[in-house]
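What the coordinates show
Residues per chain, in single letters:
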Amino acid sequence: MSITVLSPSEIQAKLQEKSYPAQKSYLAMYSSWLGGIVKDPGLMMVPVDDHLVHRGDGVFEAIKVVDGRVFLLQEHLERLVASAAQIGLPLPMPMEEMREVILKTTAATGARYAVLRLYVSRGPGGFTTNPYDSVASQMYLIVTSYTPLADEKYLAGVKVGRSQVPPKEPWLAKIKTCNYLPNVLMKKESVDRKLDFTIGIDGQGFLTEGSTENIVLIDKNKNLLRPKLRQILKGTTMMRSFELAQSLLSEGFLSSIQEKDLTEKDIFEAREVMMIGTTLDVLPVTEYEGQKIGEGRQGAVSAQLLKLLREDMKQGPKSTPVYA
Ligand SMILES: Cc1ncc(COP(=O)(O)O)c(C=O)c1O
């Protein structure tokens with residue numbers, strides 16, 4: 001076998017030649033390393049010696065654009081800044097500049113619906129674990145098109161099971177790092193078991209979260225409950241939904257809104273269980289480990305929360321217009 005040493009022009013040609021289905025949704029990438037926006041999916045790249053690649057040394061956010069507005073932009077940026085601070089990762093630019101890059105890169109795609117994936121990496125510089133070998137932290141933003149789940153999924157609900165993947169230690173679970181191997185394995189086990197999601201259980205038997213989503217439930221006394229923020233990521237969608245749910249108290253849908261250590265027993269006895277996250281919104285759980293949950297279809301509160309959240313995305317105070 002002979003292996004060719006490629007010239008830069010051959011490399012560019014080869015990269016542009018390669019294509020695979022997922023690339024169709026890649027609309028734009030901003031790279032601080034290149035100092036600009038890349039629109040050709042084949043050329044959206046990160047240096048291989050960026051510690052993000054070989055050590056998972058970075059933090060990230062996934063953010064949704066709905067009808068030309070970025071939902072919970074400030075909350076995502078604040079969580080990113082907090083995650084970076086926890087691992088001693090300097091920001092490549094001030095938060096306000098990151099916000100501007102996000103809005104301008106999204107605007108450059110012309111898309112009104114999109115998912116933004118924002119990465120702050122330790123940056124290029126050698127292949128060791130030593131973060132001080134990196135030249136400077138970098139920001140990469142990928143804008144992809146967004147296809148919401150079918151309405152039927154929200155009506156029928158999803159199947160969930162118990163994860164066998166050991167949950168992350170509390171300190172790590174609270175940081176949105178690019179070190180997502182346990183989350184990857186949770187997604188893999190749910191796909192392998194033909195489930196939609198699996199849920200982690202901590203050493204004390206308390207529910208943690210899904211691969212990239214939170215779990216919440218309504219008990220038989222109409223209390224809306226979410227796990228304590230001890231060993232889970234503080235989901236922006238969950239927290240916003242809980243704020244919006246206040247309006248359901250006076251309407252009689254709920255009797256209280258609380259945080260609580262939840263167990264599998266709570267799932268089996270719940271009136272409604274929901275998975276909540278950026279790409280899902282509020283998705284009812286209608287089966288857990290093969291047993292029917294609640295009415296076995298979308299419940300009244302799930303429907304109300306989904307409606308409130310979607311209205312909030314379109315016209316609420318927490319959504320930022322891209323095309324001002
Ligand atoms: C581990 C984990 N839990 C929960 C969530 C939900 O958070 P958010 O609502 O901010 O998307 C995510 C989001 O990606 C996640 O990665």
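The structure displayed is predicted, hence computed values, not measured ones. (Residues numbered from 1 in each chain as written. Predicted model: local features only at pLDDT ≥ 70, side-chain atom pairs only at ≥ 80, totals over all residues.)

A word on the overall build of the protein chain
Convention followed: A run of H or I in DSSP becomes a helix once it reaches four residues, and a run of E becomes a strand once it reaches two; helices and strands are each numbered from the N terminus. The burial label depends on the number of other C-beta atoms within 10 Å of a residue's C-beta. Counts of 20 or more mean buried, 12 or fewer mean exposed, and intermediate counts mean partly exposed, with C-beta atoms placed from the backbone. Two residues qualify as being in contact provided that their C-beta atoms, derived from the backbone, are within 7 Å of each other.
Along the protein chain, the regular secondary structure elements total eleven helices and 15 strands. Referenced to the eigenvectors of the C-alpha coordinate spread, the extents of the protein chain come out at roughly 65 × 45 × 40 Å. Taken over 324 residues, the protein chain has a buried fraction of 38%. In the protein chain, once contacts between residues fewer than 6 apart in sequence are set aside, the share between residues at least 24 apart is 71%.

Examining the packing of helix α3 (residues 73-86) against helix α4 (residues 95-109)
Each pair of packed helices gets described by two things: the angle between the helix axes and the distance between those axes. Just so we agree on the cut-off: Throughout, an axis means a line fitted to C-alpha atoms (over the contacting stretch in the case of helices), and angles, computed between N-to-C directions, take values from 0 to 180 degrees. Relative orientations are named as follows: roughly parallel for angles under 35 degrees, roughly antiparallel for angles over 145 degrees, roughly perpendicular for angles from 65 to 115 degrees, and oblique for any other angle. Handedness of a crossing is defined here by the sense of rotation of the near helix relative to the far one, left-handed for an anticlockwise turn of less than a right angle and right-handed for a clockwise turn. For this scheme, ten residues count as nonpolar: Ala, Val, Leu, Ile, Met, Phe, Trp, Tyr, Cys and Pro. Four count as charged, namely Asp, Glu, Lys and Arg, and the remainder, Gly too, count as polar.
Following both chains from N to C, one finds α3 and α4 inclined at 130°, their axes separated by 11 Å at the closest point. Relative to α4, α3 is oriented oblique. Our pair here, α3 against α4, has a crossing hand that is right-handed. Only Met95, Met98, Arg99 and Ile102 of α4 make contact with α3, whose side of the interface consists of Leu73, Leu77 and Val81. By residue class, the composition of the contact of α3 with α4 is six nonpolar, no polar and one charged.

Some thoughts on the site of the ligand
To keep things clear, this is the line we draw: Using a C-beta atom placed from the backbone, a residue is scored as near a molecule or strand whenever that atom is within 6 Å of it.
The ligand sits among 13 residues. The nearest are Leu233, Gly235, Thr236, Thr237 and Thr278. Broken down by element, the residue count for the shell around the ligand peaks at three residues, all from helix α8 (residues 236-244). Across the shell around the ligand, the residue classes break down as three nonpolar, eight polar and two charged.

Regarding helix α11 (residues 300-315)
Helical geometry: 3.6 residues make up each α-helical turn, so side chains three or four residues apart lie on a common side. Put simply, the rule is: In a helix, the anticipated span is given by 1.5 Å times the number of residues less one. Note that the arc is defined by the directions from the helix axis to the C-beta atoms.
Taking 1.5 Å of rise per residue, 16 residues should cover 22 Å, and α11 covers 23 Å from first to last C-alpha, within 8% of that figure. Every buried residue of α11 is listed here: Val301, Ser302, Leu305, Leu306, Leu308, Leu309 and Met313. End-on view of α11: buried residues confined to an arc of 165°, all on one side of the axis. In α11, the exposed residues that point more than 90 degrees away from the buried face are Glu311 and Gln315.

Points about the sheet that holds strand β2 (residues 36-38)
Quick note on the threshold: Strand pairing is assigned whenever DSSP detects at least two bridges linking the two strands.
Read across the open sheet, the seven strands follow the order β2-β1-β6-β5-β3-β4-β15; overall the sheet is antiparallel. Each of the sheet's edge strands pairs with one partner strand only, and the pair in question is β2 and β15 (319-321). Strand after strand, the sheet turns through a mean of 25° between neighbouring axes, direction not considered. Pairing geometry for strand β3 (residues 58-66) and strand β4 (residues 69-71), over two bridges, is antiparallel. Of the residues in β4, the one forming a bridge with valine 65 is valine 70. Against the sheet, α3 contacts β3, β4, β5 (114-121) and β15, and its axis sits at roughly 175° relative to β3. Sheet contacts for α4: β1 (26-31), β2, β3, β4, β5 and β6 (138-145); angle to β6, the most-contacted strand, approximately 35°.

Overview of the pairing of β3
Sheet analysis places β3 next to β5, joined by eight bridges and oriented antiparallel. Residue lysine 64 lies in a different strand from β5, and its bridge partner there is valine 115. With antiparallel pairing between neighbouring strands as the criterion, β3 and β4 make up a hairpin whose turn holds two residues, including aspartate 67 at a positive phi of roughly 50°.

Considering the pairing of strand β7 (residues 158-162)
With three bridges joining them, β7 and strand β13 (residues 281-288) adopt parallel strand pairing. When the bridges of β13 are listed, valine 158 appears paired with valine 285. Relative to strand β8 (residues 197-199), β7 runs parallel, the two being bridged by three bridges. Counterpart to glycine 161 in the pairing with β8 is threonine 198.

Digging into the domain arrangement of the protein chain
How we decide: An automatic or database domain assignment supplies the start and end points of every domain.
Domain assignment breaks the protein chain into domain 1 (10-145) and domain 2 (151-315). The interface is formed by 22 residues belonging to domain 1 together with eleven residues belonging to domain 2. When contributions to the side of domain 1 that touches domain 2 are tallied by element, the ones reaching two or more residues are β3, β4, α3 and β5. Its residues assigned to classes, the side of domain 1 that touches domain 2 shows eleven nonpolar, five polar and six charged.

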